[in-house]
Amino acid sequence: MKARLVAAALALLLVASGCSAGSSAFVPDDGSTLAVGFAAEPQNFDFTRTDGAAIPQALLYNVYEGLVKLDDQGRVVPLLADSWTVSQDRLVYDFALKPGVTFSNGAEFTAEDVKFSINRVKTDWTISIKSKMDVVDRVEVLDPLRARVVLTKPSNAWLFDMASRVGAMFTPTGIADLANKPVGTGPYEVTSRRRGDSILLQANRRFRGPEPAYRTVYLKYYKDPTALNNALLSNGIDVIGTITAPDSIPQFEADSRFNVVQGTTNSEVVLAFNNAKEPLNDVRVRRALTLAIDRKALLATAWANRGTLIGSMVPPTDPWYEDLSAAHPHDPAQARALLAEAGKPALNLRLRIPNLPYAVSSAQVVASQLAEVGVTVTIEPLDFPAVWLKQVFTDHDYDLSIIQHVEARDITTFGRPSFYWGYDSQKTRDLLAKADAGTPEEQVTAMREVARTLSDDAAADWLFLFPNVVAAKKKVTGIVRNQVSESFDLTTLGRSE
Amino acid sequence: MTARILRRTAIFLVSLLAASIVVFVFTAVLPGDPAQVALGVNATPELLAQTRQEFGIDRPLPTQYFDWLGGVLSGDFGKSYVTRDAIGPQLADRLGVTLWLVGAGMLVALLIAVPLGTLAAVRHRRASGTAISAVSQLGIAVPAFLAGILLVQVFAVQLQWLPAGGWTPPIQDPGEFLRGLILPALSLGVVQGAVLTRYVRSSVLDVLGEDYLRTARSKGLMPGRALVRHGLRNAAIPVVTVLGLQLTTLLVGAVVVERVFVLPGLGSMLLDAVAARDLLTVQGIVLVLVAGALLVNFLVDLLYTALDPKLRGAR
């Protein structure tokens, strides 16, 4: 008995010590293999029928490509289209396609696929962002390498959206099982997946361009932020796609094994006001609440001072960005005066938030600062996404809420009175329409005006913009600083040995 | 005896049916709309209605229940709203991971409990025996996830001997599979081992007082040999029974440990499915877990019947 026990213990020790410290056989340390850790896992590979950021994060630009893509400055640049022209009336887009492009199943990429893919958004996609293609009147095949898209009305947003997942190019021979077998033109293809654990991408042999720096990429998923951090610290992964626990950042910065890159995102953390309902339908009340909150202090508490104060629904990577964070400076005395003027010196408000860390810590700061100006706030955490979506988002049953809005250029939601903001402004709608229809210069002017109007109306309180913090082993180079597109772009990565 | 077995079998089946109803009703009344969660923000009412129809959740509850039950009886757990895949094969895959974890945890628990419990019993009048009892008491108080976090900090983050988490299937790479299993199995097994140590101790103590052991020793056998040759086998019977009952606790512990170590088992699948309101998947997993617990109880019951002659004539 005793002897057998000792043998077992020895066996355990042998297994434990038989491997060299710091390497993991699961992710071979051969230089051309990379493991990236993320928090949210794609439930399947079909972003035409399943919403959420996780699928395009993994697949867009890496497996699927569009005619255009976004660079890290938020500019629309060529991808499968070499170039394009826009007609005088801004209705007709002619794309010249890259020659010699094939899908990972061997099918050739032509203008027919452009027509097929764009039309298919309208007919087969079932998620709400399909509406971004509503503005397309028709797609024409001019010749195999030239496609024409005709819009029903001028739209700057359309070309921008073509760089997102709605612009992804599919082949009719590769859509049989989108949920499991994605077929795209990108440098990688999905070779296997273990649900709840990882996705394995490998270099697409048929890719037209040079081979990517990493031939094999494991995308690994960690629900728990601590587990994600530990994976990098223990060499289980090489990169953390986006750090979701800000307190852990100094630990990586202090460690000579890692580089930490910090940039911006499209993800505004918004204190939403129910503009349609008493008492927040009064602009004086909304301004008072905005004045009462010290956003700088809030950012320090809620996200360890990482992140950007913005003051309106525009991240710095949009062309019409201007810093409006000082529009309503922290001023409790004036907040109290405004509330008194509005006849609401003592308010009771319900702050209904998703049960997510950033929302919970922000809510506590908001509640304590509003208490100083005589506003009593009751914090109600709701199960996210299910309960929050139903009660706050769909039923508009709330006074205040805190949530991050991750979509690019989602400032346009303020043009929809039925959206949960309850914000109804003809001026804003007119400006948004003008911006979408105009030249790029006119767009910038009008959008800047929209942002100022929202700030002036205190349509919401923009608490801060989420930072994009990536931690990576020193050998990994070329990490995109600003997370502007929906993709975690593997194509920019390189390696230094 | 046959009547008793039949009766127990009937009770088992009826409990299973009742459990299926409870599981179904509880998941159906979870707040939140699966279609809304699947579609996310900006979903239009038309799209929501279309999706509810596609999921089949616009039909009356009894219809949904009988459809589901009929499917489950023929081995079809339905299709996930979220992954759009058949739930059955995925369930089997995840169950495999959890069973490895539970099995390894059980092994660790036994490796700890049998020698330590025996030692504590043999030396129950000495300081070392008291010390083992005290330490095992302490071990019971440590939750499995805390043990897991500590183990990761020491062996993965600081020493970098073992992975902090993740799963490698045994067929893909047996060595890496074992390496990945060590820390989760330890965090699960250490706590269970502490519990079991106390059972082993009291069991061995009982045996030590038995006449046959005294007889064996009086025949000139060394005390240690006597215990190993005659005592342990008899002490094992109550311990095995407790082990069966502890299986359920181990399953619960495994759910938590899976989260800490990012293992794609049933527990992490369940948490994801609940968050995504993937109701069919939730129902499938919970039903499998409940059926497992009921089955263990049923088998332990049959074992009693077989072992205890007094029950053979009973109803």
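All figures in this text were calculated on a predicted structure; none of them were measured in a lab.

1. Some points on the overall build of chain B
Part 1 of the argument: Check the secondary structure of chain B and you find 13 helices and zero strands.
Part 2 of the argument: When the elements of chain B are put in sequence order from the N terminus, they spell out α-α-α-α-α-α-α-α-α-α-α-α-α.
Part 3 of the argument: Oriented by its inertia axes, the alpha-carbon framework of chain B measures out at about 85 × 60 × 35 Å.
Part 4 of the argument: Burial analysis of chain B (315 residues in total) assigns 47% to the buried set.
Part 5 of the argument: Counting contacts in chain B only where the partners sit at least 6 residues apart, residues at least 24 apart contribute 71% of the total.
Part 6 of the argument: Chain B carries 25 positive and 18 negative side-chain charges, and their two centres are separated by 19 Å.

2. Thoughts on the UniProt feature "transmembrane region" (unreviewed entry) in chain B
All names here are of chain B.
Part 1 of the argument: According to UniProt, the feature "transmembrane region" (unreviewed entry) maps to residues 12-30, 99-122, 134-157, 177-196, 235-262 and 282-307 in the numbering used here.
Part 2 of the argument: As a span, residues 99-122 carries 100% helix and 0% strand, and end to end its C-alpha atoms are 34 Å apart.
Part 3 of the argument: Secondary structure content for residues 134-157 is 92% helix and 0% strand, while the C-alpha to C-alpha distance between its ends is 30 Å.

3. Structural notes on the sheet that holds strand β4 (residues 81-86) of chain A
All names here are of chain A.
Part 1 of the argument: Read from one edge of the open sheet, four strands run β4-β5-β7-β6, paired in antiparallel fashion. If you trace the sheet from one side to the other, it starts and ends with β4 and β6 (136-143), each paired once. On average, each strand axis in the sheet is tilted by 20 degrees relative to the strand beside it, whichever way the strands run.
Part 2 of the argument: Helix-sheet contacts for helix α3 (residues 111-124) involve β5 (92-97), β6 and β7 (146-151), and the interaxial angle to β6 is about 165 degrees.

4. Remarks on the interface of chain A and chain B
Part 1 of the argument: Taken together, the contact between chain A and chain B spans 49 residues of the former and 49 residues of the latter.
Part 2 of the argument: Linking B:D272 and A:K223 is a salt bridge whose minimum nitrogen-to-oxygen distance equals 2.6 Å.
Part 3 of the argument: Counting across the chain A and chain B interface gives 13 residue pairs in polar contact (both at pLDDT 80 or more).
Part 4 of the argument: In terms of residue count, the dominant contributor to the side of chain A that touches chain B is helix α11 (residues 386-394) of chain A (five residues).
Part 5 of the argument: Looking at the side of chain A that touches chain B, its residues break down into 22 nonpolar, 14 polar and 13 charged.

5. Details of the UniProt feature "domain: Solute-binding protein family" (unreviewed entry) in chain A
Part 1 of the argument: What UniProt calls "domain: Solute-binding protein family" (unreviewed entry) maps, in this numbering, to residues 76-404 of chain A.
Part 2 of the argument: Helix makes up 26% of residues 76-404 of chain A and strand makes up 26%, while its end C-alpha atoms are separated by 24 Å.

6. Comments concerning the packing of helix α1 (residues 2-28) of chain B against helix α4 (residues 61-73) of chain B
Residues and elements named next belong to chain B.
Part 1 of the argument: At a minimum axis distance of 11 Å, the contact between α1 and α4 shows a crossing angle of 130 degrees. Judged on the interaxial angle alone, α4 and α1 are oblique. Read as a crossing pair, α1 and α4 show a hand that is right-handed. Residue-level inspection shows L17, S20, I21, V23, F24 and A28 of α1 in contact with α4, the latter providing L61, Q64, Y65, W68 and L69.
Part 2 of the argument: Looking at the contact of α1 with α4 residue by residue, the class counts come to nine nonpolar, two polar and no charged.

7. Concerning α11(A)
Part 1 of the argument: All buried positions along α11(A) are accounted for by A:A386, A:V387, A:W388, A:L389, A:V392 and A:F393.
Part 2 of the argument: Contacts made by the buried residues of α11(A) are with β13 (347-354), β14 (375-382) and β15 (400-405) of chain A together with α2 (34-39) of chain B.
Part 3 of the argument: Two residues or fewer past α11(A), A:H396 is found with a positive phi of approximately 55 degrees.

8. As for the nonpolar core
Residues and elements named next belong to chain A.
Part 1 of the argument: Counting residues in each nonpolar core, the largest one holds 70 residues, and the members touching the most others are I402 and Y420.
Part 2 of the argument: A per-element tally of this core places helix α10 (residues 357-371) first, with seven residues.
Part 3 of the argument: Ignoring any residue separated from it by four or fewer positions in sequence, one finds I402 in contact with V269, V270, L271, L351, R352, I353, P354, A359, S362, A363, V366 and L463.
Part 4 of the argument: Of all hydrophobic cores here, the second largest spans 67 residues; its members include V36, A58, V101 and L151.

9. Re the packing of aromatic side chains
Part 1 of the argument: For the structure shown, the criterion picks out 36 aromatic pairs over all chains.
Part 2 of the argument: Judged by centre distance (5.7 Å) and plane angle (40 degrees), the rings of A:Y398 and A:Y420 are tilted. With A:Y398 in the loop between α11 and β15 and A:Y420 in the loop between β15 and α12 (426-437), this residue pair connects regions lying 22 residues apart in the sequence.
Part 3 of the argument: For the pair B:W100 and B:F177, a centre-to-centre distance of 4.8 Å together with 70 degrees between the ring planes defines the contact as edge-to-face. One end of the pair, B:W100, is in helix α5 (residues 87-122); the other, B:F177, is in helix α8 (residues 174-208), and 77 residues separate them in sequence.

10. Examining the environment of A:E407
All names here are of chain A.
Part 1 of the argument: Looking at the secondary structure, you find E407 in the loop between β15 and α12.
Part 2 of the argument: When the C-alpha atoms of E407 and I129 are compared, they prove to be 10 Å apart, with 278 residues separating the residues in sequence.
Part 3 of the argument: A polar side-chain atom of E407 sits 3.4 Å from a polar atom in the side chain of K132.

11. A short note on the pattern of salt bridges
Part 1 of the argument: All told, the structure shown has 43 salt bridges over all chains when counted by the stated rule.
Part 2 of the argument: B:R277 is the salt-bridge partner of A:D383, the closest N and O atoms lying 2.8 Å from each other. Pair noted here: A:D383 is in the loop between β14 and α11 and B:R277 is in the loop between α11 (266-275) and α12 (279-307), and the two residues belong to different chains.
Part 3 of the argument: Residue class for A:D383 comes out partly exposed when judged on its relative accessible area of 30%.
Part 4 of the argument: Between B:R59 and B:D67 there is a salt bridge, with its nearest N and O atoms 2.8 Å apart.
Part 5 of the argument: The exposure class assigned to B:R59 is partly exposed, which follows from its relative accessible area of 32%.
Part 6 of the argument: Here the salt bridges share partners, and the residues they tie into one network are A:E322, A:K427, A:E449 and A:R452.

Conventions and cut-offs
Residues numbered from 1 in each chain as written. Chains lettered and ligands numbered in written order. Predicted model: local features only at pLDDT ≥ 70, side-chain atom pairs only at ≥ 80, totals over all residues. Heavy atoms only, no water. Helix = DSSP H or I, 4+ residues; strand = E, 2+ residues; numbered from the N terminus. Buried < 20%, exposed > 50% of the residue type's maximum accessible area, 1.4 Å probe, protein only. Contact = heavy atoms within 4.5 Å. Lys, Arg positive; Asp, Glu negative; His and termini not counted. Charge placed at Lys NZ, Arg CZ, Asp CG, Glu CD. UniProt positions renumbered as here; feature names shortened; annotations may be inferred. Pairing = 2+ DSSP bridges. Axes fitted to C-alpha atoms, helices over the stretch in contact; angles between N-to-C directions. Salt bridge = Lys/Arg side-chain N within 4 Å of Asp/Glu carboxyl O. Polar contact = N/O pair within 3.5 Å; in protein donor to acceptor, adjacent residues only side chain to side chain. Nonpolar A, V, L, I, M, F, W, Y, C, P; charged D, E, K, R; others polar. Parallel < 35°, antiparallel > 145°, perpendicular 65-115°, else oblique. Left-handed = near helix turned anticlockwise from the far one by under 90°. Core = buried A, V, L, I, M, F, W, Y, C linked by side-chain atoms within 4.5 Å. Phe/Tyr/Trp six-rings, centres within 6.5 Å; stacked < 30°, edge-to-face > 60°.

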